[in-house]
Amino acid sequence: MLAAARALFAELGVDDVTIDDVAARAGRTKGSVYYHFASKVDLFEAVFLSEHRRLVDAVQTTTEGLDPETALRSGLATYLRLVAADPVAAGITLVQAPTVLGWHRWRECDGGTFRTSITAALVAAREAGRSPSEADPEIVADLLLGAVSEAAVAVARDDDSEGRAVAVIYALNRLLDGIFRAAG
């Protein structure tokens, strides 16, 4: 059902997809879809969480064993490249989700894992003397998450998403240079 819903949400947009459409695409009955999901919004949230988890897992795989600064840079760049390379995931997680789930629910679902990872990298970098001790890692994480989220939306909506991702990653690294240079 999730695969069928993902394909339909990507193809038509949430507003133009019905539970009947999802059931037909999945080869199930409408009742079986409602057995698992109380509404189309609940189904969308499940698709969103699945896409989000896939992105998080890919980012975490690229950062394993790296020092905190390199992990942060690599993780954020990987995320932006994934958004550029997968317009379906980008459309679901960045374009449709804020509207369908509402901004607060979208941030609850989306921001927790990435925010935690960013904060952990900043704390570890501070402990290693690589970021300013006076800068609160949670505040810096919020700022970076906001910047990366907005940049990811711009990447997702750009006709040349891969080119935009390269430009954004370059600018993001200059921003991170400033954060990490302030420690030196």
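Everything discussed here concerns the structure shown above.
Below you will find a few notes about this structure. (Residues numbered from 1 in each chain as written. Predicted model: local features only at pLDDT ≥ 70, side-chain atom pairs only at ≥ 80, totals over all residues. Heavy atoms only, no water.)

## Details of the overall build of the chain
Looking only at helices and strands, the chain features nine helices and zero strands. Its helices and strands in sequence order give the chain the pattern α-α-α-α-α-α-α-α-α, from N to C terminus. Taken along its principal axes, the extent of the C-alpha atoms in the chain is 60 × 30 × 30 Å. Counting only carbon and sulfur atoms, one obtains 54% of the accessible surface of the chain, whose full area is about 9,300 Å². Between the mean site of the 18 positive side-chain charges and the mean site of the 26 negative ones, the chain shows a separation of 1 Å. (Helix = DSSP H or I, 4+ residues; strand = E, 2+ residues; numbered from the N terminus. Areas by Shrake-Rupley, 256 points an atom, 1.4 Å probe, with all protein chains shown as cover. Lys, Arg positive; Asp, Glu negative; His and termini not counted. Charge placed at Lys NZ, Arg CZ, Asp CG, Glu CD.)

## Description of helix H1 (residues 2-12)
Turning to H1, its buried residues are Ala4, Ala5, Leu8 and Phe9. For H1, the angular spread of buried residues about the axis comes to 125 degrees, placing them on one side. For H1, exposure combined with an orientation more than 90 degrees from the buried face picks out Ala3 and Glu11. In this structure, the buried residues of H1 make contact with helix H2 (19-26), helix H4 (40-63) and helix H6 (87-101). Just downstream of H1, Gly13 is the residue with a positive phi angle, here 90 degrees. (Buried < 20%, exposed > 50% of the residue type's maximum accessible area, 1.4 Å probe, protein only. Arc of directions from axis to C-beta. Contact = heavy atoms within 4.5 Å.)

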